[in-house]
Amino acid sequence: MPPGIPTQEHEHLVAAYGASQHRAITLTEQQAALWWAHLDSSDLTASWIRTVGPALTRLLAAGQLLAATPAQQYVEAMLDADGLASQYEAGATKVRPVSFSGAAADGRTLDSLLYLPVIRTKTLLAGGMTLPEAMMAGRAQLLRMVASEVAAAGGGALGVATAANRTVTGYVRKVNVGACARCAILAGRWYRWNADFNRHKRCRCYGVPSSKARPGRLTDPMGFFHGLSRAEQDRRFGLGGAAAIRDGADIYSVVNAARSTVRLDAYGHKVVATLEGTTRRGSFYRSMRREAEQRTGQRFARSRAEGRQGLPRFQLRTPRLTPSEIYRLANGNRDEAIRMLRRFDYLY
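These figures come from a predicted structure and were not determined experimentally.

Asker: Got a minute to help me understand the pairing of strand β1 (residues 170–174) in this structure?
Answerer: Regular strands place side chains that alternate from one sheet face to the opposite one. Buried residues dominate β1, accounting for four of its five residues. Of the strand pairs in this sheet, β1 and strand β2 (residues 190–192) are connected by three bridges, and their pairing is antiparallel. Bridged to Gly-170 within β2 is Arg-192. Relative to strand β3 (residues 206–210), β1 runs antiparallel, the two being bridged by five bridges. In the sheet register, Lys-174 faces β3, and the bridge partner there is Tyr-206.

In C-alpha cells, the structure reads:
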C-alpha cells in the first residue's frame, strides 16, 4: 500500500475512538434526561438545589472524564500503526484527563451552567407557556449543553495529546455522516498540531492524528455533498444554498454566507482562563503553591490549623489558561506550547 494511505488498522482505531466519544455523549445525555424528569414542577429551584442539580453536576463531570480518557491512547495507537514511536518531553509524558472534567468549556462552573435550563423553563412559564412545553424546552437545552460539554472535553484532551506528542504533525478533521453544512466544508481538512478544533453545539466531529508517515490530505467537500441525496442536500445546506451549489456556486462561500459567529473572552479580558483546578484543593492551585514554596523557601499553610500557627496562606494570582488560549499565545512554537501545557497542569 502506498505510504500515507490509512490502513484497515488505522480505520479501526479511528472508528473505535469515535465510538468511545459517541458512547460518552449518549450515556451522559440519557442519564441527564432521567434526572431532569426528577424535577418537582411545583418548586423547580428547591428540587434542583436539593437533588437534581448536584446529581447532574456529578454526571456531567463523569461524562467529561469518560470522553477525555481515551485521547492519549488513541494518538499513540495511531502512531504505532504508522510504525512510529511517540516522542515526549521529560515531565510532560501524560495527559491529565481530569483537567478536562468538572468545568465548562468556557471556564464557568458546571453547576452554574446546568442551572440555565431551569431558568429558561421558569421564564417560559412566566411568559404563558404550558408546563409540559416549558419542561420539554428546558430538557432540550439541557441535553444540548451536556452533549456539547462532553464533546468539548474529549476534543480538548485529544488536542493536548496531539500537541504533547512530537511525532504528531497535525490532525485531519473526521466528519460523521450526520454532519451539518459547516462541518461538511471542513471534511478531511488537515490542520497543524496547534490548531484549535472548531466545533459548534452538538458537533460530533473529531480529529485523526497525522504523522510524516501518514500526513493526511485535503479532501474535496464536494465529494461529501454529492454523496448526499437531494433531500439531504436541501436539509443540510438549505434549499437555496443546495441549489446554488448544484448550480456551480462555491460551497465554502455558500456555507460561510449563512453563518455568523461571536467571539467572547472570559471576564472581558484578553485571555481565556478556567476556574477549574484553582480552588485550594485543585491540582493547579497545589502546583502553583509548590512552585512558590520552591522559589521563596516559604512554606504555606495546608490547613486552618497551620494558618492559626502563623503560616501564611497561599494566594493564587495566576489565571489558569485554557489549552486553546495556550496554543494561541504560543503562536506556533511547539516548545513553548508544551511548556505552557505543563505549567498549567494539562501535562505531567
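Once the structure has been displayed, the description carries forward.
Asker: Just to check I follow, could you spell out the sheet that holds β2 for this structure?
Answerer: Picture the strands of a sheet paired through backbone hydrogen bonds; they go either parallel or antiparallel. On the basis of which strands lie adjacent, the open sheet formed by three strands has the order β2-β1-β3 and antiparallel pairing. At either end of the open sheet lies a strand with only one pairing partner, and these are β2 and β3. Adjacent strand axes in the sheet meet at a mean angle of 35 degrees when their direction is disregarded. Against the sheet, helix α1 (residues 8–36) touches β1 and β3, its axis set at about 150 degrees to β3.

Asker: I'm lost on the packing of aromatic side chains in this one. Help?
Answerer: Each aromatic ring pair is specified by the distance between its two centres and by the angle formed by the two planes. Using the criterion set out here, one finds seven aromatic pairs in the structure. Their ring planes at 70 degrees and their centres at 5.5 Å tell us that Tyr-17 and Tyr-206 sit as a pair that is edge-to-face. On the criterion of sequence distance, the pair formed by Tyr-17 in helix α1 and Tyr-206 in strand β3 is long-range, its members being 189 residues apart. The exposure class assigned to Tyr-17 is buried, which follows from its relative accessible area of 4%.

Asker: Where do I start with helix α14 (residues 323–330) in this structure?
Answerer: Note that an α-helix has 3.6 residues per turn; residues three or four places apart therefore point the same way. Along α14, the residues classified as buried are Pro-323, Glu-325, Ile-326, Tyr-327 and Ala-330. In this fold, the buried residues of α14 make contact with α6 (131–164), β5 (320–321) and α15 (334–343). Downstream of α14 by one or two residues, Asn-331 has phi in the positive range, about 55 degrees.

Asker: Please explain the packing of α1 against α6 as it appears in this structure.
Answerer: The axes of two packed helices give the description: the angle between them and the distance between them. It is the contact of α1 with α6, at a shortest axis distance of 9 Å, that shows an interaxial angle of 150 degrees. Comparing their axes, α6 and α1 come out roughly antiparallel. Of the two possible hands of crossing, α1 and α6 adopt the one that is right-handed. Between α1 and α6, the contacting residues are Tyr-17, Gln-21, Ala-24, Ile-25, Thr-28, Glu-29, Ala-32, Ala-33 and Trp-36 on the first element and Met-135, Gly-138, Arg-139, Leu-142, Leu-143, Val-146, Ala-147, Val-150, Ala-151, Gly-154 and Leu-158 on the second. Class assignment of the residues belonging to the contact of α1 with α6 gives a composition of 14 nonpolar, four polar and two charged.

Asker: Can you walk me through the nonpolar core in this structure?
Answerer: As a rule of thumb, soluble globular proteins bury nonpolar side chains together. Within the largest apolar cluster, 42 residues are counted, with the highest numbers of intra-cluster contacts made by Tyr-74, Phe-100, Val-160, Leu-341 and Leu-347. Among the elements of the structure, α1, α3 (71–81), α6, β3, α12 (283–296), α14 and α15 are those that each provide at least two residues to this core. Among the elements that line this core, the one with the most residues is α6, at seven residues. Phe-100 has contacts with Gln-64, Ala-68, Val-95, Ala-153, Gly-156, Ala-157, Val-160, Pro-323 and Tyr-346, leaving out every residue within four places of it along the chain. With 27 residues, the next largest nonpolar core counts Ala-32, Leu-59, Ala-104 and Ala-147 among its residues.

Asker: Mind showing me how you'd approach the pattern of salt bridges here?
Answerer: Once their charged atoms are close, side chains differing in charge can pair, the charge on each being opposite to the other. Tallying each qualifying case throughout the model produces 10 salt bridges. Here Glu-232 ties to Arg-235 by a salt bridge, and the two come within 3.0 Å at their closest N and O atoms. Of this pair, Glu-232 and Arg-235 are both found in helix α9 (residues 230–237), three residues apart, which corresponds to roughly one turn of the helix. The exposure class of Arg-235 is exposed, given its relative accessible area of 57%. Measuring nitrogen to oxygen at the nearest pair gives 3.1 Å for the salt bridge that ties Glu-291 to Arg-343. Here Arg-343 lies in helix α15 and Glu-291 lies in helix α12, a separation of 52 residues in the sequence. A relative accessible area of 31% means that Glu-291 is categorised as partly exposed. Linked through salt bridges whose partners overlap, the residues forming this network are Glu-89, Arg-166 and Asp-335.

Rules behind the numbers
Residues numbered from 1 in each chain as written. Predicted model: local features only at pLDDT ≥ 70, side-chain atom pairs only at ≥ 80, totals over all residues. Heavy atoms only, no water. Buried < 20%, exposed > 50% of the residue type's maximum accessible area, 1.4 Å probe, protein only. Helix = DSSP H or I, 4+ residues; strand = E, 2+ residues; numbered from the N terminus. Pairing = 2+ DSSP bridges. Axes fitted to C-alpha atoms, helices over the stretch in contact; angles between N-to-C directions. Contact = heavy atoms within 4.5 Å. Phe/Tyr/Trp six-rings, centres within 6.5 Å; stacked < 30°, edge-to-face > 60°. Parallel < 35°, antiparallel > 145°, perpendicular 65-115°, else oblique. Left-handed = near helix turned anticlockwise from the far one by under 90°. Nonpolar A, V, L, I, M, F, W, Y, C, P; charged D, E, K, R; others polar. Core = buried A, V, L, I, M, F, W, Y, C linked by side-chain atoms within 4.5 Å. Salt bridge = Lys/Arg side-chain N within 4 Å of Asp/Glu carboxyl O.

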